[in-house]
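Secondary and tertiary structure notes
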Amino acid sequence: MVGNGTVSYDHERDGRPTELGGCTALVRNLNHDTFLVVRYVRRRLTVMIDIDGKHEWRDCLDLPGVWLPQGYYFGASAITGDLSDNHDLISLKLYQLTVMRTAEEEKQEEEVTVPRVDNMALFIEDERDEPMSGVTVFFIVLFSLLGSIMLAVIAVIVYQKWKENSRKRFY
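Residues numbered from 1 in each chain as written. Predicted model: local features only at pLDDT ≥ 70, side-chain atom pairs only at ≥ 80, totals over all residues. Heavy atoms only, no water.

This part covers the overall build of the protein. Regarding its fold elements, the protein presents 3 helices and 5 strands. Taken from the N to the C terminus, the helices and strands of the protein come in the order β-β-β-β-α-β-α-α. Taking all 171 residues of the protein together, 13% fall into the buried category. For the protein, restricting intrachain contacts to residue pairs at least 6 apart in sequence, the fraction spanning at least 24 positions comes to 47%. (Helix = DSSP H or I, 4+ residues; strand = E, 2+ residues; numbered from the N terminus. Buried < 20%, exposed > 50% of the residue type's maximum accessible area, 1.4 Å probe, protein only. Contact = heavy atoms within 4.5 Å.)

Below you can see the structure in the form of structure tokens.
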């Protein structure tokens with residue numbers, strides 16, 4: 001998530017509407033330290049993880065078109081919701097990377113005042129695209145079958161009444 005002061009984090013849905021990407025790493029109860037590298041170079045945000053403790057980095061997130069302003073602070077936070085868990089941040093090392101730029105890149109460089117992501121609309125999740133849960137599908141099928149059976153019973157009763165009335169003749 002790239003927050004710009006107008007976007008709020010949706011705790012009810014674990015931030016899914018504003019999620020730009022991510023990955024899953026099983027880091028609980030390991031006997032070694034796990035590492036995370038966050039790199040921001042030339043408007044590209046990259047996150048890599050090492051959960052095996054072998055200094056073999058696995059790509060977690062590679063997001064181009066991220067515009068972050070200078071002079072802000074870096075922070076880390078964690079929330080576990082209803083689950084009681086412990087998150088320890090042992091160390092945080094920050095480096096300023098010197099990147100050689102061409103004269104053309106220097107001309108195109110613009111001052112960034114508000115954080116943003118190019119093509120943010122591609123990352124916003126549409127609620128209608130969410131798949132239905134198994135419970136929802138079960139109840140839809142159950143009520144559809146019950147409704148069909150009820151309609152069939154009503155149709156049989158109406159047909160029998162019609163047939164009974166058609167046999168009676170008035171003289």
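For the rest of this paragraph, the subject is the state of the cysteines. Counted according to the given criterion, the structure contains 1 disulfide. Sulfur-sulfur distance for the disulfide between Cys-23 and Cys-60 comes to 1.9 Å. One disulfide, between Cys-23 and Cys-60, carries an S-S torsion of -100° and so falls in the left-handed class. Pair noted here: Cys-23 is in the segment before strand S1 (35-41) and Cys-60 is in strand S3 (residues 58-64), with a separation of 37 residues, a long-range link. (Disulfide = S-S within 2.5 Å.)

The subject of this paragraph is unusual backbone geometry. Excluding glycine, most residues fall at negative phi; most peptide bonds, likewise, are trans. Positioned with a positive phi, Arg-42 is a non-glycine residue whose angle comes to about 50°. Within the element layout of this structure, Arg-42 appears in the loop between S1 and strand S2 (44-50). The backbone of His-55 sits at a positive phi, close to 60°, despite the residue not being glycine. Structurally, His-55 is set in the loop between S2 and S3. A residue is classified by how much of its surface remains accessible, and His-55, at 55% relative accessible area, is exposed.

Attention shifts here to the packing of aromatic side chains. Two descriptors summarise a pair of aromatic rings, namely the distance from one centre to the other and the angle between the planes of the rings. On inspection of all chains with the given rule, the structure shows 3 aromatic pairs. Look at Phe-138 and Phe-139: their rings are 5.3 Å apart centre to centre, the planes differ by 70°, and that puts the pair in the edge-to-face class. Taken together, the ring pairs connect Phe-138, Phe-139 and Phe-143 into an aromatic cluster. (Phe/Tyr/Trp six-rings, centres within 6.5 Å; stacked < 30°, edge-to-face > 60°.)

Counting residues in each nonpolar core, the largest one holds 11 residues, listed as Val-2, Leu-20, Leu-45, Val-47, Ile-49, Ile-51, Cys-60, Leu-61, Leu-63, Val-66 and Val-117. Broken down by secondary-structure element, the contributors of at least two residues to this core are S2 and S3. (Core = buried A, V, L, I, M, F, W, Y, C linked by side-chain atoms within 4.5 Å.)

Here we come to the confidence of the model for the protein. Mean pLDDT over the protein stands at 80; residues scoring 70 or higher make up 88%. Considering each helix and strand of the protein separately, the mean pLDDT is smallest for helix H2 (residues 120-123), with a value of 60, and largest for helix H3 (residues 134-167), with 92. (pLDDT = per-residue confidence, 0-100.)

Spatial strand order, S1-S2-S3: 3 strands in an open sheet with antiparallel pairing. The outermost strands of the open sheet, each flanked by one partner alone, are S1 and S3. Neighbouring strand axes in the sheet, compared pairwise and without regard to direction, differ in orientation by 10° on average. Summarising the sheet, S2 and S3 pair through 6 bridges and their orientation is antiparallel. When the sheet's bridge partners are listed, Arg-44 is paired in S3 with Pro-64. (Pairing = 2+ DSSP bridges. Axes fitted to C-alpha atoms, helices over the stretch in contact; angles between N-to-C directions.)

By the secondary structure assignment, Gln-70 is in the loop between strand S4 (66-67) and helix H1 (103-108). Judged by its relative accessible area of 77%, Gln-70 is exposed. When the C-alpha positions of Gln-70 and Pro-115 are compared, they lie 9.8 Å apart, and in sequence the two are 45 residues distant.

The subject of this paragraph is a nonpolar patch on the surface. Among the surface-exposed residues, Leu-36, Val-38, Phe-74, Leu-89, Leu-92 and Leu-94 lie close enough to one another that they form a single nonpolar patch of about 630 Å² accessible area. As for its placement among the helices and strands, Leu-89 is situated in the loop between S4 and H1. (Patch = residues over 30% accessible without salt bridge, like charges linked within 9 Å, V, L, I, M, F, W, Y side chains within 5 Å. Areas by Shrake-Rupley, 256 points an atom, 1.4 Å probe, with all protein chains shown as cover. Salt bridge = Lys/Arg side-chain N within 4 Å of Asp/Glu carboxyl O.)

Another point: the side chain of Thr-46. Residue position: Thr-46 is located in strand S2. In this structure, Thr-46 is in contact with Val-37, Val-38, Arg-39, Leu-61 and Asp-62, ignoring residues within four places of it in sequence.

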